[in-house]
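# Summary of the model geometry
Residue strings, one per chain:
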Amino acid sequence: MSAGATGETAGDAPATPPGLEHVRRMWAQDRASAHLGIELLDVGVEARDGIPLGRARTRMRVTGTMVNGHDIAHGGFVFALADSTFALACNATGRTTVAAGCDITYVAAGRLDDVLVAEARERITYGRSGITDVTVTREDGAVVAEFRGRSRALSHG
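A short tour of the structure in this document, coming up.

Moving on, we get to helix H1 (residues 21-28). Here H1 has its buried residues at Val23, Arg24 and Trp27. The arc that holds the buried residues of H1, viewed along the axis, is 100°, so those residues lie on one side.

Now for the nonpolar core. Residues Val43, Val78, Leu116, Val134 and Val136 are the most contacted members of the largest nonpolar core, which totals 30 residues. For this core, the secondary-structure elements that each account for two or more residues are H1, strand E3 (39-48), strand E4 (51-61), helix H3 (75-91), strand E6 (115-126), strand E7 (129-138) and strand E8 (143-153). For this core, the leading source of residues is H3, giving seven residues. Contacts of Val136, omitting those with residues within four sequence positions, involve Val78, Leu81, Ala82, Leu116, Val117, Ala118, Ala142, Val143, Val144 and Ala145.

This brings us to the packing of aromatic side chains. Within this structure, the stated rule accounts for two aromatic pairs. For the pair Phe86 and Phe147, a centre-to-centre distance of 5.6 Å together with 55° between the ring planes defines the contact as tilted. Remark: Phe147 occurs in strand E8 and Phe86 occurs in helix H3; sequence separation between them is 61 residues. By the burial criterion, Phe86 is buried, and Phe147 matches it. Counting every residue linked through ring pairs, the aromatic cluster contains Phe79, Phe86 and Phe147.

Running from N to C, H1 and H3 cross one another at 155°; their axes reach a closest spacing of 9 Å. In terms of orientation, H1 and H3 fall into the roughly antiparallel class. In the packing of H1 onto H3, the handedness of the crossing is right-handed. Here His22, Val23, Met26 and Trp27 of H1 come into contact with H3, specifically with Ser84, Ala87, Leu88 and Asn91. Taken together, the residues that form the contact of H1 with H3 break down as five nonpolar, three polar and no charged.

What follows covers the pattern of salt bridges. Following the criterion strictly, the structure yields nine salt bridges and no others. Of the charged contacts, one joins Glu46 and Arg55 as a salt bridge, the two residues approaching to 3.0 Å between their closest N and O atoms. Take Glu46: its relative accessible area is 37%, and that puts it in the partly exposed class. On the accessibility criterion, Arg55 (10% relative accessible area) is buried. Where salt bridges share partners, they join Asp42, Glu46, Arg55, Glu119 and Arg121 into one cluster.

The sheet contact formed by E3 and E4 spans nine bridges and is antiparallel. Looking at the pairing, Gly44 lines up with Arg55 of E4.

This part covers H3. Between its first and last C-alpha, H3 extends 24 Å over 17 residues, near the 24 Å set by a 1.5 Å rise per residue. Taken together, the buried positions of H3 are Val78, Leu81, Ala82, Ser84, Thr85, Phe86, Leu88, Ala89, Cys90 and Asn91.

With that out of the way, let us pick up unusual backbone geometry. Positive phi, normally seen in glycine, also occurs at Asp49, with a value near 55°. Structurally, Asp49 is set in the loop between E3 and E4. Even without being a glycine, Asp113 presents a positive backbone phi close to 75°. Structurally, the position occupied by Asp113 is in the loop between strand E5 (97-106) and E6.

Calculation notes
Residues numbered from 1 in each chain as written. Predicted model: local features only at pLDDT ≥ 70, side-chain atom pairs only at ≥ 80, totals over all residues. Heavy atoms only, no water. Buried < 20%, exposed > 50% of the residue type's maximum accessible area, 1.4 Å probe, protein only. Helix = DSSP H or I, 4+ residues; strand = E, 2+ residues; numbered from the N terminus. Arc of directions from axis to C-beta. Core = buried A, V, L, I, M, F, W, Y, C linked by side-chain atoms within 4.5 Å. Contact = heavy atoms within 4.5 Å. Phe/Tyr/Trp six-rings, centres within 6.5 Å; stacked < 30°, edge-to-face > 60°. Axes fitted to C-alpha atoms, helices over the stretch in contact; angles between N-to-C directions. Parallel < 35°, antiparallel > 145°, perpendicular 65-115°, else oblique. Left-handed = near helix turned anticlockwise from the far one by under 90°. Nonpolar A, V, L, I, M, F, W, Y, C, P; charged D, E, K, R; others polar. Salt bridge = Lys/Arg side-chain N within 4 Å of Asp/Glu carboxyl O. Pairing = 2+ DSSP bridges. Expected span 1.5 Å × (residues − 1).

The structure is reproduced here in structure tokens:
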């Protein structure tokens with residue numbers, strides 16, 4: 001089950017394959033991600049050992065308002081990109097899920113006009129909880145940050 005509407009910014013609502021309407025609705029209503037220019041590249045569900053796990057890919061260009069006093073991408077914007085991608089992945093399977101906690105390790109700097117790509121994969125879900133890893137890279141493949149999110153489904157649904 002995969003959907004790949006390249007260049008879909010938050011707020012857009014293209015045709016959606018069956019089973020992902022809920023995550024597309026969530027994305028269309030995400031004003032924060034839209035404001036940052038985050039684009040949805042892909043969202044879907046993969047089964048591992050018979051367990052459905054979400055995945056997502058997004059991208060964001062580092063603009064002039066996103067660089068800090070060192071002239072590098074402010075960590076808060078890198079975090080926001082990773083967090084938005086985390087949200088897409090952990091909601092892809094259909095349960096309304098929110099962040100319970102997360103951490104990020106910054107590995108390299110992003111710079112003005114860099115295009116950052118975030119790729120999220122749910123690693124495991126257990127009960128109403130889950131762990132999702134997100135890697136943020138520059139388009140040249142250099143890792144900018146590693147993010148690990150801990151999620152909590154609001155219901156067993």
